[in-house]
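# Structural overview for review
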Amino acid sequence: MPQPPDQDDPPALRGLDPATRAAFLASSQRVRVPAGTVLFQPGAECANYLLVLDGSVRVQMVSEGGREIVLYRVETGETCVLTTSCLLAHETYTAEGVAETAVDALAVPAAVFRRLLADSESFRGFVFAAYGARITNLMMLVEAVAFGRVDLRLAKVLLSRGGGGGRLDITHQELAVELGTAREVVSRQMKEFERRGWVALGRGRVDVLAPDELRRLIDGTPV
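A short tour of the structure in this document, coming up. Owing to the predicted nature of the structure, the values given are computational and were not obtained by experimental measurement.

Attention now goes to the pairing of strand β7 (residues 103–109). With six of its seven residues buried, β7 lies for the most part within the structure. With five bridges joining them, strand β1 (residues 29–33) and β7 adopt antiparallel strand pairing. Bridge pairing in β7 links Arg32 to Asp104. Strand direction decides the pairing type here: strand β3 (residues 48–54) and β7, joined by six bridges, are antiparallel. When the bridges of β7 are listed, Asn48 appears paired with Pro109.

All right, on to the layout of surface pockets then. In this model, the largest pocket occupies a volume close to 710 Å³. Lining the largest pocket are 21 residues, with Leu71, Asn137, Leu141, Val157 and Glu178 positioned closest to its centre. Every element with two or more residues in the lining of the largest pocket is listed here: β5 (68–75), α4 (121–147), α5 (150–161) and α6 (172–179). In terms of residue class, the lining of the largest pocket is made up of ten nonpolar, three polar and eight charged. Taken as a whole, the second largest pocket holds about 290 Å³ of empty space. The wall of the second largest pocket is formed by 15 residues, among which Val31, Leu39, Asn48, Leu50 and Ala107 lie closest to the centre. Within the residue set of the lining of the second largest pocket, elements represented by two or more residues are β1, β2 (38–40), β3 and β7. Taken together, the residues of the lining of the second largest pocket sort by class into twelve nonpolar, two polar and one charged.

The next point concerns the environment of Met190. Take Met190: it is sitting in helix α7 (residues 183–195). By relative accessible area, Met190 is classed as buried at 0%. The spacing of Met190 and Leu201 is eleven residues in sequence and 8.0 Å in space, taken between C-alpha atoms. Ignoring any residue separated from it by four or fewer positions in sequence, one finds Met190 in contact with Leu154, Leu158, His172, Leu175, Val199, Leu201 and Val206.

Judged by nonpolar contacts, the single largest core of 37 residues is most densely connected at Phe24, Tyr49, Val59, Tyr72, Leu82, Phe123 and Phe126. Those elements giving two or more residues to this core turn out to be α1 (18–27), β3, β4 (56–62), β5, α2 (81–89), β7, α3 (110–119) and α4. Every residue in contact with Phe24, bar those within four places of it in the chain, is listed here: Leu13, Tyr49, Leu51, Leu106, Val108, Leu116 and Phe123. Counting residues in hydrophobic clusters, the runner-up holds 20 residues, among them Leu168, Ile170, Leu175 and Ala176.

Before going further, it helps to examine the sheet that holds strand β10 (residues 205–208). Here we have three strands laid out as an open sheet, ordered β8-β10-β9, and antiparallel in their pairing. Either end of the sheet is taken by a strand with one partner, and the two such strands are β8 (166–168) and β9 (199–202). Across the sheet, the axes of successive neighbouring strands diverge by a mean angle of 20 degrees, strand direction being ignored. In this structure, β9 lies alongside β10, joined through four bridges in antiparallel fashion. Counterpart to Gly202 in the pairing with β10 is Arg205. Set on the sheet, α7 makes contact with β9 and β10; between it and β9 the angle comes to about 125 degrees.

Each value, and the rule that gives it
- Residues numbered from 1 in each chain as written.
- Predicted model: local features only at pLDDT ≥ 70, side-chain atom pairs only at ≥ 80, totals over all residues.
- Heavy atoms only, no water.
- Buried < 20%, exposed > 50% of the residue type's maximum accessible area, 1.4 Å probe, protein only.
- Helix = DSSP H or I, 4+ residues; strand = E, 2+ residues; numbered from the N terminus.
- Pairing = 2+ DSSP bridges.
- 1 Å grid on protein atoms, 1.4 Å probe; cavity = no way out; pocket = protein on both sides within 12 Å on 5 of 7 lines; lining within 4 Å.
- Points joined across faces, edges and corners; volume = space filled by probe spheres on them.
- Nonpolar A, V, L, I, M, F, W, Y, C, P; charged D, E, K, R; others polar.
- Contact = heavy atoms within 4.5 Å.
- Core = buried A, V, L, I, M, F, W, Y, C linked by side-chain atoms within 4.5 Å.
- Axes fitted to C-alpha atoms, helices over the stretch in contact; angles between N-to-C directions.

All we've got here are geometric facts, nothing functional implied.
As structure tokens, this is what we get:
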């Protein structure tokens with residue numbers, strides 16, 4: 001349930017002028033939800049602008065045929081570009097947001113968001129800087145899905161999610177969602193990585209045995 005915000009000044013807001021920052025905090029509500037909570041879904045109204053203070057929200061789309069793709073994650077100090085878009089266009093959500101971890105956030109009502117956007121130059125800069133950066137990342141995702149090699153993209157996910165090596169508790173289906181491809185494609189590529197001795201596969205897990213080889217693959221070094 002929403003709670004009054006703490007008096008702490010979130011680092012992400014320190015670029016705002018004092019009056020705007022005070023107005024943002026005074027009108028916000030503290031929201032804490034457990035992992036697995038669906039924060040929004042396609043067709044839902046967008047009532048609040050959210051700033052994540054701690055945790056991670058996965059934003060994903062599901063096709064009519066059931067294929068899923070992760071668009072991006074909203075992590076500590078970040079805002080959701082889809083939420084921003086919905087608020088600006090007065091439209092409903094077109095994707096789903098799920099708390100990957102426990103999430104602590106500030107929620108600002110849509111009316112306050114629009115007022116601050118109209119009145120505060122520093123708030124406009126804050127909103128559109130985040131918006132622009134995320135749009136650039138989404139364009140890179142479109143390029144990767146349309147033209148990128150699955151083996152390179154899979155290697156990058158294994159390294160990023162595993163912190164460069166070690167064990168990942170993740171299924172082939174979850175990896176397929178990350179890459180926006182079919183589970184069968186991921187399974188085929190993972191079997192090849194296993195054949196090369198780069199990973200060991202288990203039920204619901206992957207052990208990265210040769211992170212340096214995955215990096216060489218990504219860098220284009222012959223392997």
